[in-house]
Amino acid sequence: MFYAIMSTDVENSLPLRQSARPAHIERLNALRDEGRLLIAGPHPNVDSETPGDAGFSGSLVVAEFASLEAAQTWADADPYVAAGVYAAVTVKPFKKVLP
């Protein structure tokens, strides 16, 4: 089943994001390579795909896991969590309907 991992950044998270990004992306690439990643990306703080110093307000990952517990365990081990990027992380089941 798919699970949505919705994360909210702390204030001024950009420097924290930048330092932990390589390890964060490596984990996402592993999900992609396993065929389990539906979508992933950050929420820019401004209406732009390249927000620069404005940074990001959070992230969304939708991926396939064996259970809600497995998805939560994966989310808890995110390098962004360890680096203090996220103020909150919510994991919920996700039912893909379209397309």
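Nothing here was measured: the structure is a model prediction, and the numbers come from that model. (Residues numbered from 1 in each chain as written. Predicted model: local features only at pLDDT ≥ 70, side-chain atom pairs only at ≥ 80, totals over all residues. Heavy atoms only, no water.)

Regarding the pattern of salt bridges
The final tally for this structure, using the stated rule, is three salt bridges. Here Asp9 makes a salt bridge to Arg17, at a shortest N to O gap of 2.7 Å. Pair check on accessibility: Asp9 and Arg17 agree, each one buried. Between Arg36 and Glu34 there is a salt bridge, and its shortest N-O distance comes to 2.5 Å. For Arg36, a relative accessible area of 24% corresponds to the partly exposed category. When its relative accessible area of 49% is taken as the criterion, Glu34 is described as partly exposed. (Salt bridge = Lys/Arg side-chain N within 4 Å of Asp/Glu carboxyl O. Buried < 20%, exposed > 50% of the residue type's maximum accessible area, 1.4 Å probe, protein only.)

Some thoughts on the sheet that holds strand β3 (residues 56-64)
An order of β2-β3-β1-β4 is seen for the four strands of this open sheet, with the pairing classed as antiparallel. The open sheet has two edge strands, β2 (37-44) and β4 (86-94), and neither has a second partner. Across the sheet, the mean angle separating the axes of adjacent strands is 10° when strand polarity is ignored. Inspection of the sheet shows β2 paired to β3 by seven bridges, in the antiparallel sense. Bridge pairing in β3 places His43 opposite Gly58. Contacts from helix α1 (residues 14-33) reach β1 (2-9), β2, β3 and β4, with the element oriented near 10° to β3. (Pairing = 2+ DSSP bridges. Helix = DSSP H or I, 4+ residues; strand = E, 2+ residues; numbered from the N terminus. Axes fitted to C-alpha atoms, helices over the stretch in contact; angles between N-to-C directions. Contact = heavy atoms within 4.5 Å.)

Here's the deal with the packing of aromatic side chains
Going through the model one piece at a time under the given rule, you end up with three aromatic pairs. Measuring from ring centre to ring centre gives 5.7 Å for Phe65 and Trp74, while their planes differ by 50°; the resulting arrangement is tilted. Neither Phe65 nor Trp74 differs from the other in exposure class; each is buried. For the pair Tyr80 and Tyr86, a centre-to-centre distance of 5.7 Å together with 80° between the ring planes defines the contact as edge-to-face. Joined through ring pairs, the aromatic side chains of Tyr3, Phe65 and Trp74 make up one cluster. (Phe/Tyr/Trp six-rings, centres within 6.5 Å; stacked < 30°, edge-to-face > 60°.)

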